[in-house]
2 protein chains.
Amino acid sequence: MLAGAARPRMPASAARSRLVEPLSGETRLMLRAAQLYYRLNLTQDQVGERLGVSRFKVGRLLDRALRESAVRIEIVHPAARLVELEDELTDRFGLGGAVVVDVASTGSEQDDELLARERVAGAAAVHLASLQPTGAIGVSWGRTMLEVAAHLRPGWTAATEIVQLNGATSQSARPTRAHEIVERFGATSGAAIRLMAAPAIVGTPGLRDALEQDPSVGETLAAARAAQTAVFSMGVLGPESVHVASGYLGATDLAALGEAGAVGDILGRFVTRAGGIALPSLDRRTIGLPLEELRAKTLTVGVVAGAGRGPIALAALRVGCVRVLVTDEATASWVLDHA
Amino acid sequence: MLAGAARPRMPASAARSRLVEPLSGETRLMLRAAQLYYRLNLTQDQVGERLGVSRFKVGRLLDRALRESAVRIEIVHPAARLVELEDELTDRFGLGGAVVVDVASTGSEQDDELLARERVAGAAAVHLASLQPTGAIGVSWGRTMLEVAAHLRPGWTAATEIVQLNGATSQSARPTRAHEIVERFGATSGAAIRLMAAPAIVGTPGLRDALEQDPSVGETLAAARAAQTAVFSMGVLGPESVHVASGYLGATDLAALGEAGAVGDILGRFVTRAGGIALPSLDRRTIGLPLEELRAKTLTVGVVAGAGRGPIALAALRVGCVRVLVTDEATASWVLDHA
DNA sequence: CGCGAGCATGCTCAAATGTGCAGTCCAGTG
DNA sequence: CACTGGACTGCACATTTGAGCATGCTCGCG
């Protein structure tokens, strides 16, 4: 028998086979290269040797694998998302930096609030230390700032003076504990301290001006102005606000602020979603550093934590008075989603 | 007021903070480096510049990220698994190579069987061509080999002769079509062909010997022995076997084989799970190249596809008569799981 | 207070990798 | 059949990365 007979009857499947590509040899090679290179950590040279191709070809195969995403490089660390949020915040708002912390949920809403404040404050204290601020540092008060103070480690800064940025004295049952905050900032650093002996908000603009001009308050205010660094937290508007608890704001003021679109306060100054002063009449009765002056500082660290703090965080960013933001993941996400 | 006052009363949370590590700055840095390096494709130098650290440190951070698997490199191509199976088969059985094809499931068991055979046969034809066999090529017969033949492309080899490896003539209603296979192998390559004019299995060892010594069969058998390359498929034992359909095996033989632990056949020779001849008495009645001689060849390509072919594939590997295995994913997995 | 172990840092040098370029092959075309 | 454009290959060279090593720093211990 000889070759060359007429083509014999063959199954129809021969034609079909063109449709289902059986995986090209080139792709096979690419995957083998990827396995050897990424899994076994061989060099491209070694891969080439095993596969019988030049190292250049291996390089090109790996390149293709990456471009066609046959190989995926993923950052799987649980904290990666936080770092991403930090970078996005920094970019989007032109910040000098951002710290976003992860807050494990406890199940209880109240516990979450406490935990968030605690973790964020801790991070703020650590970050603050890493920034090595010098000269005078201005600080605000509030529950968050109290936590920040509690987390400061001795010797965290070489700053020479700690200055209270806004009024805080109170006769109410719920004191502001602003002096504790300032004292701890001073005690942990060896810096001198300067308190602001005045309420946060007084009854009339006239009294405000009189107090601010009196040396007892005026000198601190001048120091607050001169400080190149400021650390502050932000408050939300609502019946649970420290300003209400401390007796500065009554129901009337609250209602007016709500109507004016206030979302919270920075150094006792209530601002709207867009970052403007919500109620100028109230602002003129507020004692402490104005926001324009806060904005002018070299380094400002804004600390904000807890559910519902998104709007005031965003407002603060819009005011432009935050150079470094320290917050929790939920707030960071909210801000980026609503910016 | 002065600094240095006794440490004020502070919330208990300060102590708690030691427990919940707020994500160390080093880790943060590592993740930022990973993002910049892997996502943005900066060089380590550029990453270092942005992060304010030396390129050495960046390298070490990335190293750590990889070691702590904060970064995962994954090969996601759907065919990656196949390549992995190929490598594993090659390693585990010391093969010269393996081709594993992916068979999309159709839902119907029968269609799957056909599709698997078709795809595997196609892959075998392509791979065979890439191996560029020369001289004489021995071939077996069967449904799978028929498909392989159908997929051969003209000019696929420069071989000079195609030789049938084992007997196949049949008077039954279901012919073996062995001549079609050999003819197509020849027609697509321009090689001469040599058929084996004898049944696969005859009634007595005496007749087998007589036939093998007669020039009509003997010359082909000698050529089969001399060929340096062989291509063959494997059959399963069971009522649907081609040997039954072609009338070589009766119910008695089938039962005896089953009892002897046969799992299938290679060139008409039935073997056990472990790779031994299942029924020597039957083997002495089988016409064609013995397995020892198949094993001695330079290049042998075994093609096996379809559900339930795992045991015979494994047996063939254990016999050591397969240098290159071409099969489907299911069979490859089965073999590796049961080896 | 001095000492040394352990560790992180940055350096030099070599290895590994990417890039631009020139040569080659091949399919399609006039 | 010659030609041409495009894809692919391997090479020389520049860049990037890794490895080993000396230095300096911290921290605990005597």
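Note that the coordinates shown come from a computational prediction; the quantities given were computed from them, not determined experimentally.

Would you explain the overall build of chain A in this entry?
Across its full length, chain A holds 16 helices and 10 strands. Taking 20 Å as the expected radius of gyration for a compact globule of 339 residues, we find that chain A reaches 31 Å, considerably beyond that expectation. With respect to the three principal axes, the spread of C-alpha positions in chain A is 120 × 45 × 35 Å. In chain A, buried positions account for 54% of the 339 residues. Total accessible area on chain A stands at roughly 14400 Å², and carbon and sulfur atoms take up 51% of it. Each charge class in chain A can be summarised by its mean position, and for the 35 positive and 36 negative side chains these summaries are 12 Å apart.

Please explain the domain arrangement of chain A as it appears in this structure.
One widely used convention gives an interface's size as the accessible area the parts lose upon coming together. Looking at chain A, the domain boundaries give domain 1 (23-67) and domain 2 (80-338). Computed from C-alpha atoms alone, the centre-to-centre distance between domain 1 of chain A and domain 2 of chain A is 56 Å.

I'm lost on the protein's contact with DNA strand C in this one. Help?
All residues in the neighbourhood of DNA strand C are listed as Tyr37, Thr43, Gln44, Arg55, Phe56 and Arg60 of chain A together with Ser54, Phe56, Lys57 and Arg60 of chain B. Of what DNA strand C places within 4 Å of the protein, 39% of the atoms are sugar or phosphate. One nitrogen or oxygen atom from the side chain of Lys57 of chain B is found 2.6 Å from a phosphate oxygen belonging to DNA strand C. Elements that contribute at least two residues to the surface near DNA strand C include exactly helix H4 (55-67) of chain A together with helix H4 (55-67) of chain B. Here the residues of the surface near DNA strand C are counted per class, giving 3 nonpolar, 3 polar and 4 charged.

Even after reading the chapter, I still don't get helix H2 (residues 25-39) of chain B, so can you show me in this structure?
Spacing of three or four residues puts side chains on the same side of an α-helix, whose turn is 3.6 residues. For H2 of chain B, with 15 residues, the first-to-last C-alpha span of 20 Å sits near the 21 Å given by 1.5 Å per residue. Taken residue by residue, H2 of chain B has Thr27, Arg28, Leu29, Met30, Leu31, Ala33, Ala34, Gln35, Leu36 and Tyr38 of chain B as its buried positions. Among the structural elements, strand S1 (71-75), helix H5 (80-93) and strand S2 (97-101) of chain A together with helix H3 (44-51), H4 and strand S1 (71-75) of chain B are those in contact with the buried residues of H2 of chain B. In the segment just after H2 of chain B, Asn41 of chain B is the residue with positive phi, at about 55 degrees.

Please clarify how the environment of Ser246 of chain A should be interpreted in this entry.
You can see Ser246 of chain A is positioned in the loop between helix H11 (242-245) and helix H12 (251-260). The contacts of Ser246 of chain A, once residues within four sequence positions are left out, are Ser170, Ser172, Arg174 and Thr176 of chain A.

Please clarify how unusual backbone geometry should be interpreted in this entry.
The bulk of non-glycine residues show a negative phi, and the bulk of peptide bonds are trans. All names here are of chain A. The phi angle at Asn41 is positive, at roughly 55 degrees, despite the residue not being glycine. Looking at the secondary structure, you find Asn41 in the loop between helix H2 (25-39) and helix H3 (44-51). By relative accessible area, Asn41 is classed as exposed at 62%.

Hey, could you run me through the protein's contact with DNA strand D in this one?
Close contacts around DNA strand D come from Ser54, Arg55, Phe56, Lys57 and Arg60 of chain A together with Tyr37, Thr43, Gln44, Arg55, Phe56 and Arg60 of chain B, and that covers them all. Protein-proximal atoms of DNA strand D, defined as those within 4 Å of the protein, fall in sugar or phosphate at a share of 44%. A distance of 2.8 Å separates a phosphate oxygen of DNA strand D from a polar side-chain atom of Ser54 of chain A. Mapped by element, the contributors of at least two residues to the surface near DNA strand D are H4 of chain A together with H4 of chain B. Looking at the surface near DNA strand D element by element, the count peaks at 4 residues for H4 of chain A.

Could you clarify how one ought to interpret the side chain of Thr144 of chain B in this entry?
On the secondary structure map, Thr144 of chain B appears in helix H7 (residues 143-151). Look at Thr144 of chain B and you get buried, because its relative accessible area is 4%.

How should the packing of aromatic side chains be read in this particular structure?
Think of a pair of aromatic rings as described by two things: how far the centres are apart, and how the planes are tilted against each other in angle. All names here are of chain B. In total, this model carries 6 aromatic pairs over all chains according to the counting rule given. The interplanar angle of 85 degrees and the centroid separation of 5.0 Å between the aromatic rings of Tyr37 and Tyr38 together place this pair among those described as edge-to-face. Centroid distance Trp156 to Phe185: 5.7 Å. Interplanar angle 85 degrees. Geometry classified as edge-to-face. Linking Trp156 in the loop between H7 and strand S4 (161-164) with Phe185 in helix H8 (residues 178-187), this pair joins segments that are 29 residues apart in sequence. For the pair formed by Trp156 and Phe185, the shared burial category is buried.

Help me out: how do you make sense of the environment of Asp265 of chain B in this one?
Residue and element names in this part refer to chain B. Tracing the sequence through the fold places Asp265 in strand S7 (residues 262-266). Put simply, Asp265 and Gly235 are 30 residues apart on the chain and 5.1 Å apart in space, counted from C-alpha to C-alpha. With sequence-adjacent residues up to four places away left out, Asp265 is seen in contact with Ser233, Met234, Gly235, His243, Phe270 and Ile312.

What is the right way to look at the side chain of Gln164 of chain A in this model?
Residues and elements named next belong to chain A. With respect to the secondary-structure elements, Gln164 resides in strand S4 (residues 161-164). The buried category is assigned to Gln164, whose relative accessible area is 3%. Here Met196 takes part through its backbone nitrogen, which lies 3.2 Å from a polar atom of the side chain of Gln164. Setting aside its immediate chain neighbours within four residues, Gln164 contacts Val139, Trp141, Ala178, Val182, Arg194, Leu195, Met196, Thr220 and Ala224.

Would you explain helix H6 (residues 109-131) of chain B in this entry?
If you check H6 of chain B, its first and last C-alpha atoms are 32 Å apart, about what 23 residues at 1.5 Å a residue would give, namely 33 Å. Downstream of H6 of chain B by one or two residues, Gln132 of chain B has phi in the positive range, about 50 degrees.

Sorry if this is basic, but what is going on with the pairing of strand S6 (residues 229-236) of chain A here?
Looking down a regular strand, the side chains alternate between one sheet face and the other. Residue and element names in this part refer to chain A. With 8 of its 8 residues buried, S6 lies for the most part within the structure. Every second residue of S6 is oriented toward a common face, with Thr229, Val231, Ser233 and Gly235 on one face and Ala230, Phe232, Met234 and Val236 on the other, all of them buried. Two strands pair when backbone bridges link them, and strand S3 (residues 136-139) and S6 are joined in this way by 3 bridges, in the parallel orientation. The partner of Gly138 across the bridge, within S6, is Ala230. The sheet contact formed by S6 and strand S9 (residues 299-304) spans 5 bridges and is parallel. When the sheet's bridge partners are listed, Ser233 is paired in S9 with Val303. Pairing geometry for S6 and strand S7 (residues 262-266), over 3 bridges, is antiparallel. Pairing of Met234 across the sheet is with Ile266, part of S7.

How each quantity is defined
- Residues numbered from 1 in each chain as written.
- Chains lettered and ligands numbered in written order.
- Predicted model: local features only at pLDDT ≥ 70, side-chain atom pairs only at ≥ 80, totals over all residues.
- Heavy atoms only, no water.
- Helix = DSSP H or I, 4+ residues; strand = E, 2+ residues; numbered from the N terminus.
- Rg over C-alpha atoms; globule rule 2.2 N^0.38 Å.
- Buried < 20%, exposed > 50% of the residue type's maximum accessible area, 1.4 Å probe, protein only.
- Areas by Shrake-Rupley, 256 points an atom, 1.4 Å probe, with all protein chains shown as cover.
- Lys, Arg positive; Asp, Glu negative; His and termini not counted.
- Charge placed at Lys NZ, Arg CZ, Asp CG, Glu CD.
- Domains from an automatic or database assignment.
- Near = heavy atom within 4 Å.
- Polar contact = N/O pair within 3.5 Å; in protein donor to acceptor, adjacent residues only side chain to side chain.
- Nonpolar A, V, L, I, M, F, W, Y, C, P; charged D, E, K, R; others polar.
- Expected span 1.5 Å × (residues − 1).
- Contact = heavy atoms within 4.5 Å.
- Phe/Tyr/Trp six-rings, centres within 6.5 Å; stacked < 30°, edge-to-face > 60°.
- Pairing = 2+ DSSP bridges.

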